[in-house]
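The residues making up each chain are set out below.
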Amino acid sequence: MKKIMKKMAALGLAAMMVLGGCAEKTEEEPIIVEPEEEVVEIVEPEEITETEEVLPLSVNVTTNYKNYYVDDSEESYLYLQYCDVEVNGDEYANLKRSVENWSMERSEGLRGLYVNFEESAVAAQEENEEFLGYSLYQNVTTARADGRILSLRDDTYQYVGGAHGMFYREGINFDSKTGKRLTLRDLVLDWDNFAQEASACVIYNLKENYGEELFPDYIETIEAMWQDENQEPAWYLDGSSLVIVLQEYLVGPYAIGAPEIHLSYVEFSQYLNNAYLPGTDSGVAIFQENQELYLNLPGIYEEVPMMLQYEWTDTGANCSLWLGENEKSMDYFDVLKDAYIVYVGEEIYCLIEVDMASNDYVTYVYRLTDGVIEEVTALNAAIDQGNVNAEAIQMEFRVYLLGTYRAMKTYEFDENGRFVTEDTEYVLSGNEYALTTVVDLPVLMDEEETENILPAGSSMILTATDDETYVKFKLQETGQTGVLKVERNEEEPYLITVNGMEERECFEMLPYAG
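A word on the overall build of the protein
The number of helices and strands found in the protein is six helices and 31 strands. Taken across its 514 residues, the protein has 51% of its residues classed as buried. Relative to all contacts within the protein whose residues are 6 or more apart in sequence, the contacts with residues 24 or more apart total 54%. For the protein, the exposed area adds up to about 25,300 Å²; of that, 45% sits on carbon and sulfur atoms.

Given below as structure tokens:
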């Protein structure tokens, strides 16, 4: 057992080396090493003028999943996840090259740890009947993407036993025109005065929100973190602010998490390079609750303030969207998840995602262009945070057919301001669960004109569906693809039949949630 514990400690250290830096002191103090960062110097950033035509920036994040199961059971002993990030098209060639190089190095670093994680997880699972499994995963979110800057939130979580795992968030920031990887000093014009003002703001917010939970020397820690030119705090840009990320254990115990402090563009504008402040070109940005944004609306000469006002009370969440003097109160929900501001040409929209209860997501879509809050639609779906662009936004649904699956469709704003999709089927993103047939089933294999019989004992992985009449699949053994017809009962939508039989009579097990 001592050997396994030593392996666990080594894995945790190795994983956090891949993640980046963290804290100096902890309750269970982790040792963390900051990796060397390759700086790509191309050309100095140029400020974009308001009359210059800026093409929309489109970013795509593909999330790769891998579960390792104990023998033939449903029990997973290891979960792995990493992301591939790319810039679509050739309009931003320098940025495209820089992002894809960073993404390749990042994912290779994570995958390089997988073998060691798997070996240790197998050993721990064999010795401990209550073993909960290990995990190592990355999640990339678009925080802001426009013709000036691409700002990504790169999150990593690893668990190798113990009371809890470790979380690390890094901001990955690029100049959209040059592709240069930006440091905080590239963004700041007057470093010394900025550091003094930023320290005061961070310290005030920490004291207000965490009080006596903070480490005794948290003030010294904050004041010192601006002094080393070669090491800076994690940061990213969203719709309203420069966001400073304080990693776990930096200023307090694990219980306070990784606090984020918002340095408002308005309050800190004198210190920030105008080339990277929000403009009026097409783009997207996260906006977070109780943070004020200022919008340049067509035909209105003064900037209009906007805020998502949110407060949790004993009776539930109180939430209102404000645009100037206009208020839109939102219906009761359990958790506020994500919100984005979207600029499409001269049109301005916002998307607000909430969890009604137990992962029952709804996304509200509003048009803001005319200075009023106009509700466009509400979808029973979540926002795919890595695939939010001015021209296309990927939405995540749940499909309940031969199991429960994450199901994606791509939406866009049309010329009439509607939020629409041309997709006729859902893509079952990240699915790797293989269904094993227990009866012969008629299927239509791709590139064949007549139906074939898929024999009992075949293993298929579902890839897409219209959620009504068919599923597309890939055979696990051969990689061949095809279509299986299904039928959803109109009166009882959860009753699914395949070739006249109930779905559970056709497969060994169906992966329904709950």
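After that view of the structure, there is still more to cover.
Focus: the sheet that holds strand 11 (residues 304-313)
Spatial ordering of the open sheet is given by 10-11-12-13, a layout of four strands whose pairing is antiparallel. Of all strands in the sheet, those with a lone pairing partner are strand 10 (293-295) and strand 13 (326-329), marking the two edges. Neighbour-to-neighbour, the strand axes of this sheet turn through a mean angle of 20°, independent of strand direction. Two strands pair when backbone bridges link them, and strand 11 and strand 12 (residues 316-323) are joined in this way by eight bridges, in the antiparallel orientation. Bridge assignment links Met 307 to a residue of strand 12, and that residue is Trp 322.

Thoughts on the sheet that holds strand 6 (residues 234-237)
The strand order 6-7-8 describes an open sheet built from three strands, whose pairing is antiparallel. In this open sheet, the two strands that pair with only one neighbour each are strand 6 and strand 8 (260-264). Each strand of the sheet is rotated relative to its neighbour by a mean of 25°, with strand direction disregarded. Of the pairings in the sheet, the one linking strand 6 to strand 7 (residues 241-245) comprises four bridges and is antiparallel in character. Bridging across to strand 7, Ala 234 finds its partner in Val 245. On top of the sheet, helix 4 (residues 191-210) reaches strand 7 and strand 8; it is set at about 130° to strand 8, its chief contact.

A short note on the pattern of salt bridges
Counted by the stated rule, this structure contains 17 salt bridges. Arg 367 is the salt-bridge partner of Glu 347, the closest N and O atoms lying 2.8 Å from each other. On the criterion of sequence distance, the pair formed by Glu 347 in strand 15 (residues 347-355) and Arg 367 in strand 16 (residues 361-367) is long-range, its members being 20 residues apart. Glu 347 gets classed as partly exposed once you look at its relative accessible area, which sits at 24%.

A look at the pairing of strand 15
Of all nine residues in strand 15, eight are buried; the element is thus mostly enclosed. Judged from the nine bridges that link them, strand 14 (residues 335-344) and strand 15 form a sheet pairing that is antiparallel. Bridge pairing in strand 15 links Asp 338 to Glu 353. Hairpin geometry of strand 14 and strand 15 is characterised by an intervening segment of two residues between the two adjacent antiparallel strands and by a positive phi of about 60° at Gly 345. The sheet contact formed by strand 15 and strand 16 spans seven bridges and is antiparallel. Counterpart to Val 354 in the pairing with strand 16 is Val 362. Remark: five residues form the turn of the hairpin made by strand 15 and strand 16, two consecutive strands paired antiparallel; Ser 358 in that turn has positive phi of roughly 55°.

Thoughts on the side chain of Ser 58
The topology assignment puts Ser 58 in the loop between helix 1 (2-19) and strand 1 (59-69). Within polar-contact distance, the side chain of Ser 58 engages the side chain of Asn 88 at 2.8 Å.

Here we look at the nonpolar core
Ranked by size, the top nonpolar core spans 64 residues in total, and within it Met 395, Leu 402 and Leu 484 carry the most contacts. Excluding anything up to four places from it in sequence, Leu 484 contacts Leu 402, Leu 441, Pro 442, Val 443, Met 460, Thr 469, Tyr 470, Val 471, Phe 473, Val 498 and Phe 507. By size, the runner-up hydrophobic cluster in this structure holds 34 residues, among which are Val 202, Met 225, Val 251 and Tyr 265.

Some words on helix 2 (residues 93-127)
With 35 residues, helix 2 extends 52 Å between its outermost C-alpha atoms, agreeing within 8% with the 51 Å of an ideal straight helix rising 1.5 Å per residue. Remark: the principal bend of helix 2, roughly 30°, maps to Tyr 114.

Things to note about the packing of aromatic side chains
Tallying each qualifying case throughout the model produces 18 aromatic pairs. Pairing Trp 191 with Trp 226 gives two aromatic rings, centres 6.4 Å apart and planes at 65°, and the pair type is edge-to-face. Residue Trp 191 is found in helix 4, and its partner Trp 226 is found in the loop between helix 5 (218-224) and strand 6; the two are separated by 35 residues along the sequence. A network of ring pairs unites the aromatic residues Tyr 349, Phe 397, Tyr 411, Phe 413, Phe 419 and Tyr 426 as a single cluster. Its end group placed over the ring of Tyr 82, Arg 111 keeps NZ or CZ at 4.8 Å from the ring centre. Taking NZ or CZ as reference, Lys 409 lies 4.2 Å from the ring centre of Tyr 426, over its face.

Conventions adopted
Residues numbered from 1 in each chain as written. Predicted model: local features only at pLDDT ≥ 70, side-chain atom pairs only at ≥ 80, totals over all residues. Heavy atoms only, no water. Helix = DSSP H or I, 4+ residues; strand = E, 2+ residues; numbered from the N terminus. Buried < 20%, exposed > 50% of the residue type's maximum accessible area, 1.4 Å probe, protein only. Contact = heavy atoms within 4.5 Å. Areas by Shrake-Rupley, 256 points an atom, 1.4 Å probe, with all protein chains shown as cover. Pairing = 2+ DSSP bridges. Axes fitted to C-alpha atoms, helices over the stretch in contact; angles between N-to-C directions. Salt bridge = Lys/Arg side-chain N within 4 Å of Asp/Glu carboxyl O. Polar contact = N/O pair within 3.5 Å; in protein donor to acceptor, adjacent residues only side chain to side chain. Core = buried A, V, L, I, M, F, W, Y, C linked by side-chain atoms within 4.5 Å. Expected span 1.5 Å × (residues − 1). Bend = angle between axes of the 7 residues up to and from the residue. Phe/Tyr/Trp six-rings, centres within 6.5 Å; stacked < 30°, edge-to-face > 60°. Lys NZ or Arg CZ within 6 Å of the ring centre and 35° of its normal.

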